[in-house]
Amino acid sequence: SARSLSFFFFFLHNGFILSPQQEVAIKALGTEGLFVFSSLDTDHDLYLSPEEFKPIVEKLTGSPSAFCFALINYTIHSSTHQTPRITPPADFEEEITHDPNGETLTLEAKMKPLNLDTMTKSKDGFLGVTHSSLSGLRAWKSPSIPSMSFSASQFRAFLPPKNKGTVGDTWWVIPSELNIFSGYLPNNRYHPPVPRGKEVLIDSLLSMFHPRPFIKPRFAPQGTVACVRALSDFYVDIVFRIHAEFQLNEVPDFPFWFTPGQFTGNIIMSRDSSHIRHFLLYVPNDRTLNVDMEWLYGASESSNMEVDIGYLPQMELQATGPSTPSFIQDEEGNILDSRGGGGDPVQFVFEDIHWTSEISREDAARRLEVTFYPFKKVPYLPFSEAFERAQAENKLVHSILLWGALDDQSCSGRTLRETVLESSPVLALLNQSFISSWSLVKELEDMQDPVESQRARLHLEKYSFPVEMMVALPNGTIVHHINANYFLDETSMKPDEEPTTFSFSGGFEDPSTATYISFLKEGLEKAKDYVGQ
């Protein structure tokens, strides 16, 4: 980050002594390059092992195998004196073809429009919000395509790669193109790029809801991740999660982005994708708020932007039944239509599936979460459960209170989860000394249980928009807290400030990570005063 680099440059330009090896590294890589290298070199031996380099590979490509393919491609082009380029892996580029003689699956789309009363700006009657800004949202009442038929072979896009066929394995169906260096994609767009490879199926599915889905959303983490939940001799049950968004407005109105927290679901299919037994895709509606909305007040990227969040009751695609052949053969081999002569559909009988290996749906969903969000390597429990666990294990609660969900795309804590919360030192301290939880402000406001509402009230008293990080006793007492905006200000390097937490012996430590660890340790110390009472 810019803050970390400025911290590093301060160190280099103020007379600190470098070892001979570090001087060689500076000459070879430059200051920026050495900073990036050293942030990965966890044992500070000026050598990157494959394990040390793995985090950057996963950040850049979504999977080590994708990076290897790109590196080979780069090497080949460099050795032949062509302009080097990095290309996605071949299995991603492969077009999924239709099998005209294969089975057909029919999907139905269901949708209940966003409840406008759940938007924050509805409380003052959308004062100051132009009518044209919300025109696309107000007009979107139903799916653009209520029913659509697909070839079963198209869903081959969901099948795992050859090295990911075991129960519990996860992989990127569509890898993210955003990483720690790339920032985010422009806001001032109306039309999505042409989908390619496996994107074509995801685009076709989401186009049933609205004609302008963006399969690669503006903010990380992008993409589609899948997990093998269960296996039988013939079938595989795959749970998936999709991050995507819609552009609801058209010219002359300014862009309006509609970003569900996530799309999730599962598909049960034969291992050769010739038959689909079950398909479901939906936006989870078990939280009080599940959609982020952002709209511009101008045509340029620098135009003012409004942000809000709301509740979408229903958005789902479901198969009307298993896939069926378009024609069948009689005992003599004659081809018949799948509908009987009288026009009634032929009744197909499907065998029961007996899974030989499986994990729970909850376990599969957790694995998808961790793939998208490494900070979820630490369990974040529901509010009530976190305090019960803290009481049982005699630990403090590390609690985050925010406007939108921390672990989906409706989040107001993107910077927090993509930096300090996923750093190894913070993960280690949280695992050792805390029970972690995050909560929506609205959910705490609506709590009815007397004990839980008391804990919620103590949290809400300390909350300031947009995100508040807290350390609490098992009874709900807040012993320490810090606002995200204040935290970011504190971890920004000031030109006239001297660094106090940096040394080569300890490695390059991001000031934000050091500050968050200090915050947690201060919470542990302050808790001793309460226990002493």
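- Going by an unreviewed UniProt entry, the protein carries the name EF-hand domain-containing protein and comes from Esox lucius.

**Description of the sheet that holds strand β12 (residues 305-310)**
Part 1 of the reasoning: Taking strand neighbours across the sheet as the criterion, the five strands line up as β4-β7-β8-β11-β12 in an open arrangement whose pairing is antiparallel. Two strands lie at the open edges of the sheet, namely β4 (213-214) and β12, each paired on one side alone.
Part 2 of the reasoning: Two elements, strand β8 (residues 256-260) and strand β11 (residues 291-296), share five bridges in a ladder whose sense is antiparallel. Counterpart to W257 in the pairing with β11 is E294.

**Notes on the sheet that holds strand β18 (residues 380-381)**
Part 1 of the reasoning: Within the open sheet, the five strands sit side by side as β18-β20-β19-β21-β22. Their pairing is mixed. In the strand order of this sheet, the two ends are held by β18 and β22 (478-483), each with one partner.
Part 2 of the reasoning: As defined by bridge partners, β18 adjoins strand β20 (residues 434-440) across two bridges and the pair is classed as parallel. Within β20, the residue paired with L381 across the bridge is S437.
Part 3 of the reasoning: In the packing of helix α11 (residues 424-433) onto the sheet, contacts are made with β18, β19 (396-402) and β20, and the angle to β20 comes to roughly 105 degrees.

**A few points about unusual backbone geometry**
Part 1 of the reasoning: Of note, the amide linkage connecting A220 to P221 takes the cis form, showing an omega dihedral of -5 degrees.
Part 2 of the reasoning: When you line up the elements, P221 lands in the loop between β4 and β5 (223-231).
Part 3 of the reasoning: Phi is positive for F126, close to 55 degrees, though the residue is something other than glycine.
Part 4 of the reasoning: As for its position among the elements, F126 is in the loop between β1 (103-112) and α6 (135-139).
Part 5 of the reasoning: A positive phi angle, close to 65 degrees, is found at S273, a residue other than glycine.

**Digging into the nonpolar core**
Part 1 of the reasoning: In terms of nonpolar packing, the biggest core is built from 94 residues, with F155, F258, F279, I400 and Y516 touching the most fellow members.
Part 2 of the reasoning: Setting aside chain neighbours within four positions, we find Y516 in contact with H398, I400, L416, V420, L421, V426, M469 and F487.
Part 3 of the reasoning: Of all hydrophobic cores here, the second largest spans 19 residues; its members include L401, W403, L458 and A472.

**Let's talk about the pairing of strand β10 (residues 276-282)**
Part 1 of the reasoning: Among the seven residues that make up β10, five are buried, leaving the element largely enclosed by the rest of the structure.
Part 2 of the reasoning: Between strand β9 (residues 263-270) and β10, which pair antiparallel in sequence order, lie five residues; one of them, S273, sits at a positive phi of approximately 65 degrees.
Part 3 of the reasoning: Note: β10 against strand β13 (residues 314-319), three bridges, orientation antiparallel. When the sheet's bridge partners are listed, L281 is paired in β13 with L317.

**Some words on the packing of helix α9 (residues 383-393) against helix α13 (residues 450-462)**
Part 1 of the reasoning: Between α9 and α13, whose axes approach to 11 Å, the crossing angle comes to 100 degrees. Relative to α13, the element α9 lies roughly perpendicular. From α9, F383, S384 and F387 reach across to α13, where they touch E452, R455, A456 and H459.
Part 2 of the reasoning: Class assignment of the residues belonging to the contact of α9 with α13 gives a composition of three nonpolar, two polar and two charged.

**A short note on the packing of aromatic side chains**
Part 1 of the reasoning: Under the counting rule described, the total for this entry stands at 21 aromatic pairs.
Part 2 of the reasoning: Considering the side-chain rings of F158 and F279, the 6.3 Å spacing of their centres and the 50 degrees angle between planes classify their relative orientation as tilted. One end of the pair, F158, is in the loop between β2 (147-151) and β3 (170-174); the other, F279, is in strand β10, and 121 residues separate them in sequence. With respect to burial, F158 and F279 carry one shared label: buried.

The rules behind the values
Residues numbered from 1 in each chain as written. Predicted model: local features only at pLDDT ≥ 70, side-chain atom pairs only at ≥ 80, totals over all residues. Heavy atoms only, no water. Pairing = 2+ DSSP bridges. Helix = DSSP H or I, 4+ residues; strand = E, 2+ residues; numbered from the N terminus. Contact = heavy atoms within 4.5 Å. Axes fitted to C-alpha atoms, helices over the stretch in contact; angles between N-to-C directions. Core = buried A, V, L, I, M, F, W, Y, C linked by side-chain atoms within 4.5 Å. Buried < 20%, exposed > 50% of the residue type's maximum accessible area, 1.4 Å probe, protein only. Parallel < 35°, antiparallel > 145°, perpendicular 65-115°, else oblique. Nonpolar A, V, L, I, M, F, W, Y, C, P; charged D, E, K, R; others polar. Phe/Tyr/Trp six-rings, centres within 6.5 Å; stacked < 30°, edge-to-face > 60°.

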